[in-house]
Amino acid sequence: MAKRAAMSADLAARPIPPKPQLYTKDILRLAASLPFGDRLEGAHASATRRSPVCGSEISADVQLDDSGQVAALAFRAHACAIGQASAALLRQIGPGASVGEIEGMRTALAKALSGDGNFEQCRQELAVLETARAYPARHAAILLPYDAVLAAVAEKE
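Computed from a predicted structure; not experimentally measured.

Chemist: Can you walk me through the overall build of the protein chain in this structure?
Modeler: Check the secondary structure of the protein chain and you find five helices and three strands. Each helix and strand of the protein chain, ordered N terminal to C terminal, gives the series α-α-β-β-β-α-α-α. Burial analysis of the protein chain (157 residues in total) assigns 41% to the buried set. Here the analysis covers contacts within the protein chain between residues at least 6 apart in sequence; of these, 60% occur between residues at least 24 apart. Of the roughly 8,700 Å² that the protein chain leaves accessible, carbon and sulfur atoms contribute 52%.

Chemist: Explain helix H2 (residues 25-33) to me, please; I cannot follow it from the model alone.
Modeler: Taken together, the buried positions of H2 are occupied by Ile27, Leu30 and Ala31. The arc that holds every buried residue of H2, seen down its axis, measures 100°, which confines them to one face. Across H2 from its buried face, at more than 90 degrees, point the exposed residues Lys25, Arg29 and Ala32. Of the surrounding secondary structure, the elements contacted by the buried residues of H2 are helix H3 (81-93).

Chemist: Would you take a moment to explain the packing of H3 against helix H5 (residues 139-156) for this structure?
Modeler: In helix packing, the relevant descriptors are the interaxial angle and the interaxial distance, both defined with respect to the helix axes. The geometry of H3 relative to H5 is characterised by a closest axis approach of 7 Å and an angle of 45° between their N-to-C directions. It follows that H3 is oblique to H5 by the angle criterion. Crossing of H3 over H5 shows right-handed handedness. Where H3 abuts H5, its residues Ile82, Gly83, Ser86, Ala87, Leu90 and Ile93 lie against Ala141, Ile142, Pro145, Tyr146 and Val149. Of the residues assigned to the contact of H3 with H5, the class counts are nine nonpolar, two polar and no charged.

Chemist: Would you take a moment to explain the sheet that holds strand S3 (residues 70-78) for this structure?
Modeler: Through backbone hydrogen bonds, the strands of a sheet pair up, either in parallel or in antiparallel fashion. Overall, antiparallel pairing links the three strands, which are arranged S1-S2-S3 in an open sheet. Unpaired on one side and paired on the other, strand S1 (45-50) and S3 mark the two borders of the sheet. Shown here is a sheet whose adjacent strand axes are inclined to one another by a mean of 20°, direction ignored. Running at roughly 140° to S1, H5 makes contact with S1, strand S2 (57-64) and S3 of the sheet.

Chemist: Got a minute to help me understand H3 in this structure?
Modeler: Every α-helix carries 3.6 residues per turn, so stepping three or four residues along brings you back to the same face. With 13 residues, H3 should cover 18 Å at 1.5 Å per step; its first-to-last C-alpha distance of 18 Å lies within 8% of that length. Of all 13 residues making up H3, ten are buried, and the element is well covered by its neighbours. Listed as buried for H3 are Ala81, Ile82, Gly83, Ala85, Ser86, Ala87, Ala88, Leu89, Leu90 and Ile93. Residues of H3 that are buried in the fold lie against H2, S2, S3, helix H4 (99-114) and H5.

Chemist: So what exactly am I meant to see when it comes to the pattern of salt bridges here?
Modeler: Pairs can form between side chains of opposite charge once their charged atoms are near each other. Counting across every chain of the model gives seven salt bridges. One salt bridge in this structure joins Arg39 and Asp61, with 2.9 Å as the shortest N-O distance. Here the residue Arg39 occupies a position in the loop between H2 and S1, and Asp61 occupies one in strand S2, the gap between them amounting to 22 residues. Put simply, Asp147 and Arg106 hold a salt bridge, and the shortest N to O gap is 2.5 Å.

Chemist: Hey, could you run me through the side chain of Asp61 in this one?
Modeler: A relative accessible area of 0% means that Asp61 is categorised as buried. Among the polar contacts listed, one links the side chain of Asp61 to the side chain of Ser46, at a separation of 2.6 Å. When residues no more than four places from it in sequence are discounted, the contact partners of Asp61 are Asp38, Arg39, Leu40, Ala43, Ala45, Ser46, Ala72, Leu73, Ala74 and Arg76.

Calculation rules
Here the residue index of a chain counts from 1 through its sequence in written order. Where local features are concerned, this predicted model is filtered to residues with pLDDT of at least 70; where side-chain atom pairs are given and counted, the filter is 80 or more; whole-chain, interface and lining totals use all residues. Hydrogen atoms and water are omitted, and side-chain values are computed over all heavy atoms in the structure. Numbering of helices and strands runs from the N terminus; a helix is a DSSP stretch of H or I covering at least four residues, while a strand is a stretch of E covering at least two. With a 1.4 Å probe rolled over the protein chains alone, any residue whose accessible area is under 20% of its type maximum counts as buried; one over 50% counts as exposed, and the rest are partly exposed. In this analysis, two residues are considered to be in contact whenever any of their non-hydrogen atoms come within 4.5 Å of each other. A 1.4 Å probe and the Shrake-Rupley method give the accessible areas. Residues count as covered only by the protein chains that appear here. Within this analysis, the arc is defined by the directions that extend from the helix axis to the C-beta atoms. Axes here mean lines fitted to C-alpha atoms, for a helix over just the part in contact, with angles spanning 0 to 180 degrees between N-to-C directions. Each angle gets one of four labels, with under 35 degrees taken as roughly parallel, over 145 as roughly antiparallel, 65 to 115 as roughly perpendicular, and the rest as oblique. Helix crossings are classified by the rotation of the near helix relative to the far one: an anticlockwise turn of less than a right angle makes the crossing left-handed, while a clockwise turn makes it right-handed. Throughout this entry, Asp, Glu, Lys and Arg are counted as charged residues, while Ala, Val, Leu, Ile, Met, Phe, Trp, Tyr, Cys and Pro are counted as nonpolar. The remaining residues, Gly among them, count as polar. For two strands to count as paired, DSSP must find a minimum of two bridges between them. Here the expected length of a helix is defined as 1.5 Å per residue gap, with one fewer gap than residues. Between Lys or Arg on one side and Asp or Glu on the other, a salt bridge is scored when a side-chain nitrogen of the former is within 4 Å of a carboxyl oxygen of the latter. Identification of polar contacts relies on pairs of N or O atoms within 3.5 Å, with a donor-acceptor requirement for protein atoms, meaning one able to donate a hydrogen and the other able to accept it, and with residues adjacent in sequence counted only if both atoms are side-chain atoms.

Here's what the structure looks like:
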């Protein structure tokens, strides 16, 4: 019993490092940059995905060029600021990418968020999301724009 109390005291004495701030200025700026009610006229495909973890919902419109590359993206987000920031980032970096590259970005981002990978393996622009690693409940919202784009393209095929 004394040994257990000593272990508890040792654990209690260790300082717990604070979590990094989730909603940084960069994330809030990105979230605010996502146009409200964003739509693509002549979209080739659209899909909506919802996170059961947090209830965030993101709809994506996708326009592809003749070679199957992403030409344009638009998002409508009913999500937290981190989900909106992720959508705004994908809206910026997605055009010009292939669907396979979008899928690769999603995979690398999911690994980096979970700690199985690092943000150096992601696109440089995605490093702004690194603070979210300490908030697992937000990971689904971050991945939601990618899931919506991939679902839209899959439904088109």
